[in-house]
Structure formats: structure tokens, C-alpha cells
2 protein chains.
Amino acid sequence: MHQYKAPIDNIKFLIDDVFKFEKHYASFPSYEDASPDMVDAILQECAKYCENELSPINQSGDKEGCKFKDGDVTTPSGFKEAYNMYVEGGWQGLSFDTEYGGQGLPQSLGLIKSEMMGSANWSFGMYPGLSLGAMNTIITHGTEQQKQTYLPKLTEGTWSGTMCLTEAQCGTDLGQVRTKAVPNDDGSFAITGSKIFISAGEHDLTENIIHIVLARLPNAPSGTRGISLFIVPKFNVGENNELLERNPVLCGSIEDKMGIKASATAVLNFDGAKGFLIGPENKGLECMFTFMNTARLGTALQGVCAAENAYQSSLAYAKDRLSMRSLSGKKYPEKVADPIIVHPDVRRMLLTQKAIVEGGRAMIYYTGLFADQFINGATEEVRQKGDDKLGLLTPIAKAFLTELGFESSNLGMQIFGGHGYIKEWGMEQNLRDVRISSLYEGTTGIQALDLLGRKVMLDRGKQLSLFIKEILSYCKDKSVVSNNPHKKQMNKFIVPLAKEAAKWQLYIYRIMLKVRKDRDMVGAASVDFLMYSGYITMAYMWAKMAQTAYEKIEQGEGDLEFYRSKIKTARFYYERILPRIDTHSKLMMTSPASLMRINEDQF
Amino acid sequence: MHQYKAPIDNIKFLIDDVFKFEKHYASFPSYEDASPDMVDAILQECAKYCENELSPINQSGDKEGCKFKDGDVTTPSGFKEAYNMYVEGGWQGLSFDTEYGGQGLPQSLGLIKSEMMGSANWSFGMYPGLSLGAMNTIITHGTEQQKQTYLPKLTEGTWSGTMCLTEAQCGTDLGQVRTKAVPNDDGSFAITGSKIFISAGEHDLTENIIHIVLARLPNAPSGTRGISLFIVPKFNVGENNELLERNPVLCGSIEDKMGIKASATAVLNFDGAKGFLIGPENKGLECMFTFMNTARLGTALQGVCAAENAYQSSLAYAKDRLSMRSLSGKKYPEKVADPIIVHPDVRRMLLTQKAIVEGGRAMIYYTGLFADQFINGATEEVRQKGDDKLGLLTPIAKAFLTELGFESSNLGMQIFGGHGYIKEWGMEQNLRDVRISSLYEGTTGIQALDLLGRKVMLDRGKQLSLFIKEILSYCKDKSVVSNNPHKKQMNKFIVPLAKEAAKWQLYIYRIMLKVRKDRDMVGAASVDFLMYSGYITMAYMWAKMAQTAYEKIEQGEGDLEFYRSKIKTARFYYERILPRIDTHSKLMMTSPASLMRINEDQF
């Protein structure tokens, strides 16, 4: 069974050396508490909690699953105790507003907390993760009274929250939502309808659950423009924030799923439950989507978490398992056979995982910088810039990293051979758990449409061109190249990166031209365009990491083997992962005819 | 829940029109019974059995799993009844020697039977599948007395068989086998040791189980050259084939696995069990591997079976599920939204599955022609030629089709969105079940080494060059191109196919040169080389299918929409799947340095 070990060295390499969080945090007045010492202390404490409390109940949680009986859900053994420690540690409010009991620390730091928790036990992390979605919605769109009523307990963690969007007939296409909200005399609404796939919709971890629910007012316009947002507490809340009667929002069942079995996925039946309008009438979808990017970035993490687990386990196994001899001669003649890590194909699988997990983590942390700007930027201009960049990077991170996280988990399992298929080792759970990540919070196809249709086409490529310019100017930056003592070494990254980034720009123009002639080009090109974009973004991250490693080696500081490993992994990425863009770029320029010419009856 | 429907039209298209089995069978004296009418009747009967008996217990079998208690294994509800019908139908002996109770029908027909059974219920199919491995071993290497003792009951299906290779410390590297065989006074041997991962190792379907076991004689040479093969029955067998006392080969436990849960994977403890040497001393591995190719081809089927299931289910869902509108304008304005099959990215996923399942089936049936030659060829020369071609195609089919079957299953699930993650729909079971296929019977990495190291390098590329010549002469064949009324239409397949086949030949030479300088090149290039080879082989199949479809359309025979669908799918394959070889060919020519330069400690 896999025991998670937080990769503190890799995390600190990114935040201290590559992205220089200290300097970044200094530009936010509200982040004055986020000193390097404070950040370090939080990382250490969080690692301890995740390694000692969450990781040990990950496999047992999968085996036991959640139990449903008479409307109640029981989480697996140990979950309640671990959640209580989470509340006691004040973890839920880490990056939340101090006015409602939070610690006001950076969003990017919250992401690192989520990463560690998610690697140790993704199912567990779902409960506080969903709460955060509800908290963000209430703080942005709620009245002051709503904030005072719900946020302190949510921030404390003694209450939790959910996001109730999906219904049986619609997930992506929320314009089909049928749940009704009928005004009561007291200004509240009676909510009636059935919601499915509600993560953390019912459980035994908290005293109360605050549901954020999409529903239709009477006579609301049809489609997406007639949906409003409501707060529906499991227990109604009195004037002094005390719990009153049970609201008729009942859990009808929980889903029997492929994975994340310790996370309760509820069917919730609202039977005239008392709800409170939040945000303007009929603007529910806009309100719900304010934090869509941050929620999706949180899901992107799942790919990195699963890849980290797969890599940690399969690396240990590859060093331990003895099988066959190296084709280039025995490497461990004293053993009955060589450990499988000597075999080139096993190394290919390990390095693929390593390149993905470290490159993926860099993508998340880099994107986190813009989440900081979006949420805590001091001026509207900073917040807007943060939102724009976040909006561009999020669909890439969400779809690309969850797809690659699945690939890594699959390779991790493959390294174990037949043993990977046996539950005992934890590799198959890791694969089952991560599989949800490219489905929920918008499938890979939906992320790809968001990227190409909305973030690129609607914007006429402006945001993406800005990002490409950033990469190109990085490649020309004298401090990276000419003045760098490692100028020549960096060229093997900078030269192809500049070339590919320039091509990226050209492809956008060509796709835009093609779309004008055929709207189906958007959907036909979207997923390949997204994957292509992901590989270039990750190449940018690997160039930055290699540059930092060269500088550190030059300075003779720290663990030189660690930095050499970074450079070798960067080279692997450029030599063996980046070439995947050849196929993606060809496919994304292929005519939609190859998809559209077949009739529905000919399938 | 998915209900399997045997794709008889697609099967008959391949055997009647593309590969012309009737003519092929006529060249075997022993296949005189395999008349078209007989073949048709068998297909229909088999389809009925699979659809009505095996498919309905597939999902319940997964849910219930096998139960282990006090050394006994109980298969899930309905398995015993379905197995009895299998025995009554005489299915086990379909392609087996008439001398021992079989029907002597072609191997290729047996493959189609296995395909239908495997699609309907892969776990169920494991039991008779393993028996066939034991039967093949006994008929080839056993004494006449051993054949008379074991084969009639095995062929009948009232006894079953296993292959006991793996031990805890070794799967791939069988030279590490430790199980001991000590001579008894009566000419038998006392077998002692522990075997793991024994499919069908213990169950309640048959009266007796005949284990074929790898073990070491006293003073045998170490490594692979000191392993012998033994027959170890669960119940010893008397002179009149009656069951005697229980042999001390006991099931210690069964594995808790990711999938194929209705197939019992046993730990077998041999505690001085009575065994009988089969084949020459110390030649056990060679004997065991006589039928390695046919066993692996049977496993390759699993990829096709899973892809078929995924495609059938996700196609129905894509036509039914209403979500969003086509970007190129509403297609079903009378509905609340368009069915998702209108969306280009959903079509991409459906067509990928369709291209894989139909192209994969063609690869299996094509390879089956050589299995016929190898096993039932009238002359040694035919048998040798069959073996050579089978040996070349098998690792490609096994690794490539199981990897693509996994991809298809994954895409099938993706089309369902979040619903795909819920057990009810059967899509996640399909993905869990197929995942084993690239692990057992030699992992993808092992198949790739077999292909590049053994079948290409050791052979100096001779067999592969013959296959490439076959493809090139197909491309130049006047009846395919110049004389063909569809000459121009076929060019879009023939031209790229000829180009890629010629490049394939060049790559082999270049890889051989590189391997001379660096032995690690074999392992570094192997998996990409195998996948590359798979895509070209499948392109050859799609060209043949398109050609046949054009001919049928020209003749105005049969279901013209069916043939048009084939041509459109072939075009999809060439436009959107085949381009994957760009990346694989680049990677397979990349220096092993990118894999080998990193030290073990730097991982």
C-alpha cells in the first residue's frame, strides 16, 4: 500500500526558486502575513497532517466506501476524526477572508494545501473543497446578512457546503435545469426538484450543510437566462446562528462509483425546501461561474496528485523488483536479476510520470499566481489581468493535467505488471480515483471548447497572443540566454520553445480563418488544440525549471543532484514528450469533414 | 446496463468479403466441415448463447465477484448454469482435434467464438480460455497415455485446465521459478511450491482441474534452462479416468482485483502434489511457449471485445442524450437540445472507437488465418510459414490492440460524461476489465521487446520485410488499383499506405544500425516501434476493407449504407488516427540517452 510523502523539496524549488513567491506575495498588501517562515511552517504542518492522518485512511476509505441508510450517509472509519483535526487546525480558512474568520493567506498557498491533501486522500479533500466553492459564492454574491449567517461556521469548518447544479437530464447543458423556486410569504423560496451527482451532498462530518442550488423562478425565461441561485441549508438557521428545524432537502441515495468511493455523491431531493435567493434573479449561472476557474484549477490538481502518487509508488517498486537483465549487460551481477529500473522502457514510463508531475505542479503554481491577483489583487486592473490570464490557463490546466494525470497513473500501474492490477498495492485505486477528474467540473471536451471557442475565438486570440509574447520574450531574455553562464545549455530548451511558441501563434490565425468557413472546425480542432497548448505550456515550465537549476548549480547552492535531475528531466521532456505536438498540430488543422461526413445512421 | 449484441454483419463482412474464409478453408483438408452454412449456423448459435446467457450475468458477476472460503471458490450466480450450457453445446471442442472429442473446426472460427464470448462476458470466457491453453500443451507435448487420460474430459469441458507459471518473485522472468519437482518411486513427481495469479486456478464449474505447472527438477541448471513442465490434477485420475483422491494442490486465497472479478485468480500452494512430467526434462519453457502466440492472440481479442462494448453503449447514449446545440446550427430544433452525436468532438470519440474495433477485429481475423496454417497446415512448410507470420503479428496485435482497446473503453466512458463513472451503465466495469489485458500474457513492454528484439533484430528484419513486401505489392496490385473502377478513390489509402510501408522498412535498417552501437536502443525504441507497426498494420486492414466496400458498392450488392460507412471510417482512420505515427516514428529514432542519462538516485 502506498504511503504518501509530501514532496517538500519539489514544492519549495518552485515557490522559492522558480516562481519566487516571496517577491510575488510582497506585491499584495493583504499578504503581509505570508512571510517565508510562515509559509514554511504551514507546509511542514500540512505535510505532517496529510502524511499521518489522511494517507493512512485512503485505502481503507476506498474499501469501506460511504454507507447510505434512511437518508443518512456515514463516511468511512477515521474520516470524522481526521475532519475534526482539520477543523481544529483551522485549515478551512487558510486562504479565506479574515473578516469571516479566515487567515487571509494567499490563494496559491491554499492550492499547495489542496495538493498535499488531495495526494494523500483525494476523496477526503472533496468535502472541504466543495465547502470552499460555497464559501466563495456566498462571499461574492451574498448579502451582508447571508455572509454573517453562513460564513463564520463554513470558514471554521463546522458546517460544510455544496454546489447543486446537475440534474438527471443535464450536466453540461444547465439551461435544461428544471428545479423550481416558488416565493414564500416571508421572502424565502420553496425549492422543489431533484439534483444528482452532488459531491459532499450528505455526510456525517459537520453539523450543517449549506447547499448552493440552481433553480428557476416562476415565469423565468427558458434556457440559461432563467436560472437563479439559492442558499438552501440542511438545517435552517436562526437569528443567532443556531440550528432550527430540518429543511426538506433529503438524500435519496448515493452513487455507486468507479472510484473516490469515500466521497459521498448524493442524489438530493428538494421537497419545498426553504431557500434564499443569492445574487440577482435569473443571473444564477453567472454567479455560479464567478469561481469556476478556481474550482477547475482545484480539479486540475487531481491530475498532479494522482501522478505524484503513481510516481512515488512505481519508482520504489522499480528499484526493488528484480526481473531480467539489462540488454546492455548485467548492472547488478550480485543479484538474481537486475531491478527493473535498469530497463529503458521502465525508465521511459518513470520519466514520463516525473516530467508530468513536476511539470504539472509548475503549471498549477504558475496559474496560482494569477488566482492570487484575481482574488486578492489590490486594484481592479490587477484583478482583471489576473482573471484574464487565469481564464486562459485554467481550461488548459484542467483538461491537460487531468488527462496526463490519468496517463501517469496508468503508467504507474503498468510498471507494477500484474501486481498493479491487485488492490493491495493501491495503484488501481489511484487510477480509478483520478478517472473522474476529466469528467467533472466540465469534461475535457468542454474545457477544450472553453479554450478554443471562448478564450481564443471570442477574444480574437488576444489573451493567448499575450501569453505567447511572454514566452517569446522569455526566450529572448538576456538574463536567461546571452548573459547566462549556461547560455549554450539553455539553447536546447529556448530554441525549440521559441519555435513552437511562434508556430502556436500561426496556428491560431489559421484556425480562426478555417472557423469562419466552417463552425464545426471549433469542435473538431478543440481537444487537439488544447493538448497542443498544454504541451507547449509545460515546455515553458520545464525551460524555467531548467534555467533555475542551471543558476543554482552555477551558484553551487543546495542539493546539486536535485538540480541535475531537473535538467535531465527537462531534456527528457523536450526529447520524448514535446514531440507529441507533431500529431496534435496535424490533427487540429485537419478538416472537420473527416468527422462530419458520416451520417448518424452509418455509425 | 449494456446488453451485448453480436456484430454479425461486421463479422461476416470480414470472413465472407474481405478475407474470404471459404476459399481459405478449402485449402485445408481437415477443414472440410467448415462449409459456409456450417460457419453461419455456428455464428448464429454462438451469438444467441452469448447475448442471452453470458451478457446478462456480466454486470452481476462483477458485483458479486468470486467468493473464497476454506480453499473453495464459488463463482457468481448464474456462472455454473451458463457453463453447463457451454458444455452441452460442445463449444469447448469447437476447434480441437476430432481424435479427442473435438469438432476439428478452424482456429480462426474458434477466435470468433472467443470474441463473442469475451465481449459478452470476459470473466466467464477466462475459464474455457485457460482450459484451451492446457489442452494445447497436452496434445502437443503429452504422451499418448496423457492425452487419453486428460483430453477427452477437457475437450468435453467437464474438466478444466490452468497454466501455472508465475510465482511471487517472478512473472516475466520465469528463470527465477523456485517450485520444486522431486521424483517419486512410481515415476511421478512431488511438486512443492507456491504459484500466484493462476486464472481459473480454483472454481466450482468443473469436476476436476488439470494444472500445467512449471517447476525445477533436483540438480536442474539454474535459470530458464532448468525448468520442466508437469501435469498436476486437482483430483488424481485412475486407470479408467475416474477421479481418485484430492491432490495436495490447495487454493490459499484469490486476489482482490481491479476488474475481471468473476474470474478467480488463485494463489495455489503445491504441497508435494503428485505431478507428471510432460515434454522433455528442463525444456519446460519451450514447451509452455509453443502456444504462446495463440494464447496472446486470444488476449489481443480482449482489446477488441472491450472496444466493441464501449462503442455499442456509447453510440446508443450519444444518439439519446440531449445536450447543447450544434455550433453549426440546431440539428433537432424540435427537441430541447441536440443529441450529443451532432458535436464534432463526440464524433471524434465515436469514430475512434469504431475505427479501432473494426480495424482491430480485422487484424485478429487476418492473424487467425496464420493460426490456421500453424496448427492445421497440411505440410510442415505451411505450418512453418504460418508460425513465422503468426510470430510477427502476435506481439503487435496483443500490445497494440489491448492498448487501443483501453483507449476505446476510456473514450466510451468519456462520452457518458459523469454518468460513465457510475457503475450502473457498465462503462467503468468495461474499463476496469480491459485494463488487465496489457498486463497479463506479457506486458506491452514485453510484447514490444519480443517484436523488436526477437522478431525483428534476431531475424535481421526478414519476416517483417516479407510483410512489408506484401503490403507494397497489395498497393501495386492492379486489381486493387489500376483495374479497379474505384482506382482514384482507393488512391487516398494506397498512396499513404505504400509511402508509410516503405518508410517502415527504412526505419528497421536505421534502428538495426543504431542498436549495433547501443544495445539500450532496443528497449528505448521498442514500444514506439510496436505502436508504429500497429498503426500501419491497421492502415493495411482499413485499405482492404475500403477496397472490398468499393467493390460491393460497384456490384450494387447488399447493404450499401454499410459499405459507405466502412469507406468513411477508413477515411477517418487515415486522416485522424494514422497521423499518430509521426510522433511514434520520431520517438523510436530518439537516442536512448534521454532515458539512460539520469542516475537511479536522480529519479
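Each value, and the rule that gives it
- Residues numbered from 1 in each chain as written.
- Chains lettered and ligands numbered in written order.
- Predicted model: local features only at pLDDT ≥ 70, side-chain atom pairs only at ≥ 80, totals over all residues.
- Heavy atoms only, no water.
- Helix = DSSP H or I, 4+ residues; strand = E, 2+ residues; numbered from the N terminus.
- Rg over C-alpha atoms; globule rule 2.2 N^0.38 Å.
- Buried < 20%, exposed > 50% of the residue type's maximum accessible area, 1.4 Å probe, protein only.
- Expected span 1.5 Å × (residues − 1).
- Bend = angle between axes of the 7 residues up to and from the residue.
- Contact = heavy atoms within 4.5 Å.
- Buried area = accessible area lost by both parts, 1.4 Å probe.
- Salt bridge = Lys/Arg side-chain N within 4 Å of Asp/Glu carboxyl O.
- Polar contact = N/O pair within 3.5 Å; in protein donor to acceptor, adjacent residues only side chain to side chain.
- Nonpolar A, V, L, I, M, F, W, Y, C, P; charged D, E, K, R; others polar.
- Axes fitted to C-alpha atoms, helices over the stretch in contact; angles between N-to-C directions.
- Parallel < 35°, antiparallel > 145°, perpendicular 65-115°, else oblique.
- UniProt positions renumbered as here; feature names shortened; annotations may be inferred.
- Least-squares fit on C-alpha atoms with pLDDT ≥ 70 in both.
- Phe/Tyr/Trp six-rings, centres within 6.5 Å; stacked < 30°, edge-to-face > 60°.
- Lys NZ or Arg CZ within 6 Å of the ring centre and 35° of its normal.
- Left-handed = near helix turned anticlockwise from the far one by under 90°.

If you tally the helices and strands in chain A, you get 20 helices and 11 strands. Radius of gyration (C-alpha) of chain A: 24 Å, near the 25 Å computed for a compact globule of 603 residues. Structurally, chain A occupies a C-alpha span of about 80 × 60 × 60 Å along its principal axes. Sorting the 603 residues of chain A into buried and exposed places 65% on the buried side.

Residue and element names in this part refer to chain A. With 13 residues, helix α8 (residues 144-156) ought to run about 18 Å at 1.5 Å a step, and its terminal C-alpha atoms sit 18 Å apart, in line with that. Along α8, the helix axis deviates most sharply at Y150, where the bend reaches about 35 degrees; the proline P152 sits within four residues downstream. Residues of α8 that are buried include every one of Q146, K147, T149, Y150, L151, L154 and T155, and no others. A positive backbone phi angle near 100 degrees is found at G157, which sits one or two residues after α8.

Here the focus is helix α6 (residues 107-120) of chain A. For α6(A), which comprises 14 residues, the first-to-last C-alpha distance of 20 Å matches the rise-based estimate of 20 Å (1.5 Å per residue) to within 8%. A large share of α6(A) lies buried, amounting to 13 of its 14 residues.

Moving on, we come to the interface of chain A and chain B. Every contact between the two is made by 94 residues of chain A and, on the other side, 94 residues of chain B. It is A:Y421, A:R576 and A:F603 in chain A that bury the most area against chain B; as a group they hold 11% of the surface buried on that side. On inspection of chain A and its partner chain B, the count reaches four salt bridges. Taken together, the connections running from chain A to chain B amount to 54 residue pairs in polar contact (both at pLDDT 80 or more). Tallying contributions element by element places helix α18 (residues 560-577) of chain A first for the side of chain A that touches chain B, with nine residues. For the side of chain A that touches chain B, a count of residues per class yields 38 nonpolar, 26 polar and 30 charged.

Residue and element names in this part refer to chain A. In the contact formed by helix α14 (residues 444-458) and helix α17 (residues 520-555), the axes pass within 8 Å of each other and the chain directions differ by 95 degrees. Put simply, α14 runs roughly perpendicular to α17. Every residue of α17 that contacts α14 at T444, G445, Q447, A448, L449, L451, L452, G453 and V456 is listed here: V522, G523, A525, S526, V527, F529, L530 and S533. When grouped by side-chain class, the residues that make up the contact of α14 with α17 number 10 nonpolar, seven polar and no charged.

A few words now on the UniProt feature "domain: Acyl-CoA oxidase/dehydrogenase middle" (unreviewed entry) in chain A. The UniProt record annotates "domain: Acyl-CoA oxidase/dehydrogenase middle" (unreviewed entry) at residues 163-271 of chain A. Helix makes up 0% of residues 163-271 of chain A and strand makes up 47%, while its end C-alpha atoms are separated by 17 Å.

Moving on, we come to the side chain of B:T149. Residue and element names in this part refer to chain B. Mapped onto the fold, T149 is located in helix α8 (residues 144-156). Polar side-chain contacts of T149 include one of 2.6 Å to the backbone oxygen of Q145. For T149, the contacting residues outside a window of four places in its chain are W159, V237 and N241.

Residues and elements named next belong to chain A. A positive phi angle, near 45 degrees, is found at K20, a position not held by glycine. Assignment of secondary structure puts K20 in the loop between α1 (8-18) and α2 (21-26). Under the relative-accessibility criterion, K20 is labelled partly exposed at 43%. Even without being a glycine, I260 presents a positive backbone phi close to 30 degrees. Its location among the elements puts I260 in the loop between β10 (249-254) and β11 (265-278).

Let us now look at the relation of the copies chain A and chain B. Two chain copies, one operation linking them: a rotation about an axis together with a shift along it. Structural alignment of chain A on chain B gives an RMSD of 0.0 Å, achieved by rotating through 180 degrees and translating 0.0 Å along the axis. The transformation just described matches what one would write down for a two-fold rotation axis. Of the residues that chain A buries at the interface, 100% are likewise interface residues in chain B, meaning the two copies contact each other through the same surface.

Turning next to the side chain of B:H211. Residue and element names in this part refer to chain B. Mapped onto the elements of the fold, H211 is located in strand β6 (residues 208-215). Separated by 2.9 Å, the side chains of H211 and T162 make a polar contact. Ignoring sequence-local partners within four residues, the contact set of H211 consists of T162, C164, G201, F230, I231, V232, K234, V249 and L268.

Moving on, we come to the environment of B:S55. Residues and elements named next belong to chain B. Topologically, S55 is positioned in the loop between α3 (36-54) and α4 (58-64). Look at S55 and you get buried, because its relative accessible area is 2%. Taking C-alpha positions, S55 is 8.1 Å from S119, a pair spaced 64 residues apart along the chain.

Take the packing of aromatic side chains next. Counted by the stated rule, this structure contains 57 aromatic pairs over all chains. Between B:F562 and B:Y563, the ring centres sit 5.6 Å apart and the planes meet at 85 degrees, which makes this aromatic pair edge-to-face. The ring of A:F235 is capped by A:R246, whose NZ or CZ atom sits 5.6 Å from the centre of that ring.

Our focus in this paragraph is the environment of B:A300. All names here are of chain B. Note that A300 resides in helix α10 (residues 292-320). Note on A300: relative accessible area 0%, which makes it buried. Residues A300 and A397 lie 97 residues apart in sequence; the distance between their C-alpha atoms is 5.7 Å. Those residues within four positions of A300 in sequence are excluded, and the remaining contacts are I364, A397, K398, L401 and T402.

All names here are of chain A. For the pair α1 and helix α11 (residues 344-376), the least separation of the axes is 11 Å and the interaxial angle reads 40 degrees. Put simply, α1 runs oblique to α11. Considering how the two elements wind past one another, α1 and α11 form a crossing that is right-handed. Between α1 and α11, the residues in contact are N10, I11, L14 and I15 and E358, R361, A362 and Y365, respectively. For the contact of α1 with α11, the per-class residue count stands at five nonpolar, one polar and two charged.

Under the definition given, this model contains 58 salt bridges over all chains. Measuring nitrogen to oxygen at the nearest pair gives 2.8 Å for the salt bridge that ties B:K586 to A:D582. You can see B:K586 sitting in helix α19 (residues 580-588) and its partner A:D582 sitting in helix α19 (residues 580-588), one on each of two chains. According to the relative accessible area criterion, B:K586 is partly exposed, its value standing at 40%. In this structure A:D582 comes out as partly exposed when scored by relative accessible area, which is 23%. A single salt-bridge network, built from bridges that share partners, covers A:D62, A:K423, A:E428 and A:R432.

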